[in-house]
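# A structural walkthrough
Residues per chain, in single letters:
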Amino acid sequence: MNQVALDRIGQIVNGHPVVLFMKGTPQFPQCGFSNLAAQVLKACGTEFFSVNVLADAEVYENLKDYANWPTFPQLYINGELIGGSDIAKEMYEKGELQQLLAGSKQA
Amino acid sequence: MSTIDEMQQRLATLEPEAMEIGDDSALHAGHEGARSGGGHYNLTIVSPQFDGLLTIKRHRLIYNALGDLMQTRIHALSIKAYAPGEL
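Described in the following lines is the structure provided in the data block. Keep in mind that what you see is a predicted model, and the values were worked out from it rather than measured. (Residues numbered from 1 in each chain as written. Chains lettered and ligands numbered in written order. Predicted model: local features only at pLDDT ≥ 70, side-chain atom pairs only at ≥ 80, totals over all residues. Heavy atoms only, no water.)

## Quick word on the packing of aromatic side chains
Aromatic ring pairs are defined here through the distance separating the ring centres and the angle between the ring planes. Residues and elements named next belong to chain A. One pass over the structure, following the stated rule, counts 4 aromatic pairs over all chains. An angle of 80° between the planes, with centres 5.6 Å apart, marks the rings of phenylalanine 21 and tyrosine 76 as edge-to-face. A residue pair is termed long-range when its members are at least 10 positions apart, and phenylalanine 21 in strand β1 (residues 18-22) and tyrosine 76 in strand β3 (residues 74-77) qualify at 55 residues. Its relative accessible area of 1% is what places tyrosine 76 among the buried residues. Here tyrosine 60 and phenylalanine 72 contribute two aromatic rings whose centre-to-centre distance is 5.3 Å and whose plane-to-plane angle is 35°, an arrangement assigned as tilted. Taken together, the residues span a long stretch of sequence, with tyrosine 60 in helix α3 (residues 57-66) and phenylalanine 72 in the loop between α3 and β3 at a distance of 12 residues. According to the relative accessible area criterion, tyrosine 60 is partly exposed, its value standing at 32%. Here the aromatic residues Phe21, Tyr66 and Tyr76 are joined through ring pairs into a cluster of three or more. Looking at lysine 64, its charged tip hangs above the ring of tyrosine 60, at a distance of 5.8 Å from the centre. (Phe/Tyr/Trp six-rings, centres within 6.5 Å; stacked < 30°, edge-to-face > 60°. Helix = DSSP H or I, 4+ residues; strand = E, 2+ residues; numbered from the N terminus. Buried < 20%, exposed > 50% of the residue type's maximum accessible area, 1.4 Å probe, protein only. Lys NZ or Arg CZ within 6 Å of the ring centre and 35° of its normal.)

This is the structure in structure tokens:
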């Protein structure tokens, strides 16, 4: 565990209402799951802060420990882990993600 | 033991009523994220242990059951987790 890195991840997660840690960028995703998560957020019409884990070795190596979640992408809303692309898509299809995001904008 | 057999054995702790694992590795061969060598899999699982749990909690139970496979032989896992009666 690298406490400095975990603190930095905490600052990112708590510094923006919606954060997506992904492989690549929303414009140039480098993984189908990351692309799916970014597309779901775009479909919700929400602004989000994205971090390219392939371009940030410290985040890449420590994010899995931060929330004890073993895979990328990872979506955080209001500082809380929502899940990966399967969960984002499922919540979007049920309308739950849109509700959560509407709440985050007011916060 | 194949990775899929190993996954099935570990996921047995969730007492699944139904479980299906597919290997999607061939679809992802050579892409940036597949460099580590682990495989891409999809899992559909029905377990009474998921009853009343949010999806994120269901996924956590699955990741916990798979343990170190998630850091080694599994590079990516797409999950559909249902409680009995939800299908």
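## Some thoughts on the pairing of strand β2 (residues 39-46) of chain B
Residues and elements named next belong to chain B. For β2, the buried fraction is high: 6 of the 8 residues fall into the buried class. Where strand β1 (residues 18-23) meets β2, 6 bridges bridge the pair, whose relative direction is antiparallel. Across the sheet, glycine 22 pairs through a bridge with asparagine 42, a residue of β2. Two strands pair when backbone bridges link them, and β2 and strand β3 (residues 74-82) are joined in this way by 8 bridges, in the parallel orientation. Its bridge partner being in β3, isoleucine 45 is matched across the sheet by alanine 81. This β-α-β element, β2 to helix α3 (residues 55-66) to β3, shows right-handed connectivity. (Pairing = 2+ DSSP bridges. Right-handed = clockwise from strand over helix to strand, strands pointing away.)

## Thoughts on the sheet that holds β1(A)
Strands pair in a sheet through their backbones, by hydrogen bonds, and they do so in one of two ways: parallel or antiparallel. Residue and element names in this part refer to chain A. Across the sheet, 4 strands lie side by side as β2-β1-β3-β4; this open sheet has mixed pairing. Each having just a single partner strand, β2 (49-52) and β4 (80-83) make up the two edges of the open sheet. Geometrically, the sheet is characterised by an average inter-axis angle of 25° between neighbouring strands, direction not taken into account. When β1 meets β2, the two strands line up parallel, connected through 4 bridges. The residue bridging phenylalanine 21 from the neighbouring strand is valine 51, located in β2. (Axes fitted to C-alpha atoms, helices over the stretch in contact; angles between N-to-C directions.)

## Focus: the interface of chain B and chain A
Accessible area lost during the coming together of the parts is what is often quoted as the interface size. At the interface, 16 residues of chain B touch 16 residues of chain A. Across the contact surface, chain B and chain A share 0 salt bridges. Between chain B and chain A we count 6 residue pairs in polar contact (both at pLDDT 80 or more) in total. When residues of the side of chain B that touches chain A are traced back to their parent elements, those giving at least two are α3 and β3 of chain B. (Contact = heavy atoms within 4.5 Å. Salt bridge = Lys/Arg side-chain N within 4 Å of Asp/Glu carboxyl O. Polar contact = N/O pair within 3.5 Å; in protein donor to acceptor, adjacent residues only side chain to side chain.)

## Digging into the sheet that holds β3(B)
Residues and elements named next belong to chain B. One open sheet accounts for 3 strands, arranged β1-β2-β3; its pairing is mixed. The sheet is open, and its two edges are formed by β1 and β3, each paired on a single side. Strand-to-strand twist of the sheet, defined as the mean angle between neighbouring strand axes without regard to direction, takes the value 15°.

## Description of the packing of helix α4 (residues 85-94) of chain A against α3(B)
Running from N to C, α4(A) and α3(B) cross one another at 155°; their axes reach a closest spacing of 10 Å. For the element pair α4(A) / α3(B), the angle class is roughly antiparallel. Remark: the crossing between α4(A) and α3(B) carries right-handed chirality. Contact residues: A:Asp86, A:Ile87 and A:Glu90 in α4(A); B:Thr55, B:Ile56 and B:His59 in α3(B). Here the residues of the contact of α4(A) with α3(B) are counted per class, giving 2 nonpolar, 2 polar and 2 charged. (Parallel < 35°, antiparallel > 145°, perpendicular 65-115°, else oblique. Left-handed = near helix turned anticlockwise from the far one by under 90°. Nonpolar A, V, L, I, M, F, W, Y, C, P; charged D, E, K, R; others polar.)

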